[in-house]
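One letter stands for each residue in the lines below.
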Amino acid sequence: MFRDLIYPKEDAQRKPYLWVSVITVTGISIGLSLLITLIVELCTPNPKFVQAFTVATLVPLLVAPPLTYWHSHLLYQLKESKRKIEELSRTDELTSLYNRRYFFELAEGHLELAKRHETDLSVAIMDLDHFKRVNDRFGHQTGDAVLKKVAEVVNGLIRASDVLARYGGEEFVLLMPQTGVSGALKLTERIRRELAKEASNGQVNLPLVTISIGVSSSGRFGYDMETLLLKADTALYQAKDQGRDRCVLAQE
């Protein structure tokens, strides 16, 4: 409890945290003040003990709440700043997806779990087709809007347990825990179709593009992330060579 007052929990709400801090610290301050006054009175009796106990109650009641509020507010602000810094360090600023570095951190954990329980795990690398044309024709601002829209569409199709990250440029990477070849192809094909449908809408202000996807799975290549990504990347280039706007499964 006292540790939570010194350092608020990650899920602590501002107002409840401040109220609990003020009430708790004020109560403790009054209690200690009265206890000290009582000890002093027992050691050196004073006929004005009523006034002494009144002062012992009023002083912490007047001093503790504002000081505690200020101190707790400062601690909460520091916690929020720390949380925002951590969030920025693991997310892509443009798309708000995980960045490449944090993807590898999460991927290693999922890989170890899959290996321990001998469950399937699949990886997909997705690359937007002819994205350079969007930047050249409409400008980088429109290109950024396309990347954000693609991230939004894909993020709305995956499961909560999946890990989606911006891999770099117009590439995205998707980690699918507890998913074999069949499930991975089903999900990535759904992503491809949804983006192709969005692209065919022909929005004037947001020219979306199709996507090519390479897929690999631990059932074929084992529990090594470097190998899985390499195989998925090879399958991605095959998808590009075969005409783009398609999903290709990495072959053994």
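Before reading on, note that the structure itself is shown above.
Residues numbered from 1 in each chain as written. Predicted model: local features only at pLDDT ≥ 70, side-chain atom pairs only at ≥ 80, totals over all residues. Heavy atoms only, no water.

S.K.: Would you mind showing me how to read the pairing of strand S2 (residues 163–168) here?
M.R.: In regular strands, side chains alternate between the two faces of the sheet. With 5 of its 6 residues buried, S2 lies for the most part within the structure. The hairpin turn running from S2 into strand S3 (residues 171–177), its antiparallel successor, is 2 residues long, and Gly169 in that turn takes a positive phi close to 60°. (Buried < 20%, exposed > 50% of the residue type's maximum accessible area, 1.4 Å probe, protein only. Helix = DSSP H or I, 4+ residues; strand = E, 2+ residues; numbered from the N terminus. Pairing = 2+ DSSP bridges.)

S.K.: Is there a simple way to explain the environment of Gln238 in this structure?
M.R.: With respect to the secondary-structure elements, Gln238 resides in helix H9 (residues 225–241). When its relative accessible area of 32% is taken as the criterion, Gln238 is described as partly exposed. The spatial distance from the C-alpha of Gln238 to the C-alpha of Ala250 is 8.9 Å, given a sequence separation of 12 residues.

S.K.: Could you clarify how one ought to interpret the pattern of salt bridges in this entry?
M.R.: Pairs can form between side chains of opposite charge whenever their charged atoms are close. Scanning the model with the defined rule gives 10 salt bridges in all. Note that Glu152 is salt-bridged to Lys149, the shortest N-O span being 3.8 Å. In this pair, Glu152 and Lys149 are both assigned in helix H6 (residues 140–155), 3 residues apart and thus about one turn of the helix distant. Given a relative accessible area of 54%, Glu152 falls into the exposed group. Overlapping salt bridges, with partners in common, bring together Asp127, Asp129 and Lys240 in one network. (Salt bridge = Lys/Arg side-chain N within 4 Å of Asp/Glu carboxyl O.)

S.K.: Please explain the packing of helix H4 (residues 100–117) against H9 as it appears in this structure.
M.R.: When two helices pack together, their arrangement is given by the angle between the helix axes and by the axis-to-axis distance. The contact between H4 and H9 brings their axes to 11 Å, and the two run at 110°. The angle between H4 and H9 places the two elements in the roughly perpendicular class. When H4 is examined against H9, the residues Phe104, Ala107, Glu108 and Leu111 are found in contact with a partner set consisting of Met225, Leu228 and Leu229. Along the lines of polarity and charge, the residues of the contact of H4 with H9 split into 6 nonpolar, no polar and 1 charged. (Axes fitted to C-alpha atoms, helices over the stretch in contact; angles between N-to-C directions. Parallel < 35°, antiparallel > 145°, perpendicular 65-115°, else oblique. Contact = heavy atoms within 4.5 Å. Nonpolar A, V, L, I, M, F, W, Y, C, P; charged D, E, K, R; others polar.)

S.K.: Would you mind going over the packing of aromatic side chains with me for this structure?
M.R.: Within the structure shown, the criterion is met by 3 aromatic pairs. Relative to Phe104, the ring of Phe103 lies with its centre 5.7 Å away and its plane at 75°, an arrangement referred to as edge-to-face. We classify Phe104 as partly exposed; its relative accessible area is 28%. Over the ring of Tyr167 we find Arg100; its NZ or CZ atom is 4.1 Å from the centre of that ring. (Phe/Tyr/Trp six-rings, centres within 6.5 Å; stacked < 30°, edge-to-face > 60°. Lys NZ or Arg CZ within 6 Å of the ring centre and 35° of its normal.)

S.K.: In this structure, what is going on with the nonpolar core? I would like to understand it.
M.R.: Most often, soluble globular proteins keep nonpolar side chains buried together rather than apart. Within the largest apolar cluster, 29 residues are counted, with the highest numbers of intra-cluster contacts made by Met126, Leu128, Phe172, Leu174 and Ile191. Element by element, the count of residues in this core is highest for H6, at 6 residues. If you look at the next biggest cluster of nonpolar residues, it comprises 22 residues, including Phe103, Val123, Ala165 and Ala239. (Core = buried A, V, L, I, M, F, W, Y, C linked by side-chain atoms within 4.5 Å.)

S.K.: What exactly am I supposed to notice about a nonpolar patch on the surface here?
M.R.: Taken together, the side chains of Ile28, Leu32, Leu35, Leu38, Ile39 and Leu42 present a nonpolar region at the surface, about 550 Å² in accessible area. Mapped onto the fold, Leu38 is located in helix H2 (residues 14–43). (Patch = residues over 30% accessible without salt bridge, like charges linked within 9 Å, V, L, I, M, F, W, Y side chains within 5 Å. Areas by Shrake-Rupley, 256 points an atom, 1.4 Å probe, with all protein chains shown as cover.)

S.K.: Before we go on, may I ask you to explain the packing of helix H5 (residues 131–138) against H6 in this structure?
M.R.: As a packed pair, H5 and H6 sit with axes 7 Å apart at the nearest point and diverge in direction by 140°. What the angle tells us is that H5 and H6 run oblique. From H5, Phe131, Val134, Asn135 and Phe138 reach across to H6, where they touch His140, Thr142, Gly143, Val146 and Leu147. Grouping the constituent residues of the contact of H5 with H6 by class yields 5 nonpolar, 4 polar and no charged.

S.K.: Is there a simple way to explain the side chain of Thr188 in this structure?
M.R.: Considering the arrangement of structural elements, one finds Thr188 in helix H7 (residues 181–200). Side-chain polar atoms of Thr188 contact the backbone oxygen of Leu185, separated by 3.3 Å. Excluding anything up to four places from it in sequence, Thr188 contacts Ala124, Met176, Ile213, Val215 and Cys247. (Polar contact = N/O pair within 3.5 Å; in protein donor to acceptor, adjacent residues only side chain to side chain.)

S.K.: I'm lost on the pairing of S3 in this one. Help?
M.R.: Summarising burial for S3: 7 of the 7 residues are buried, a large majority. Side-chain alternation along S3 places Glu171, Val173, Leu175 and Pro177 on one buried face and Phe172, Leu174 and Met176 on a second face that is also buried. Examined bridge by bridge, strand S1 (residues 121–128) and S3 share 7 bridges and lie antiparallel to one another. Along S3, the bridge assignment pairs Ile125 with Val173. Examined bridge by bridge, S2 and S3 share 5 bridges and lie antiparallel to one another. By the bridge assignment, Leu164 is partnered in S3 with Leu174.

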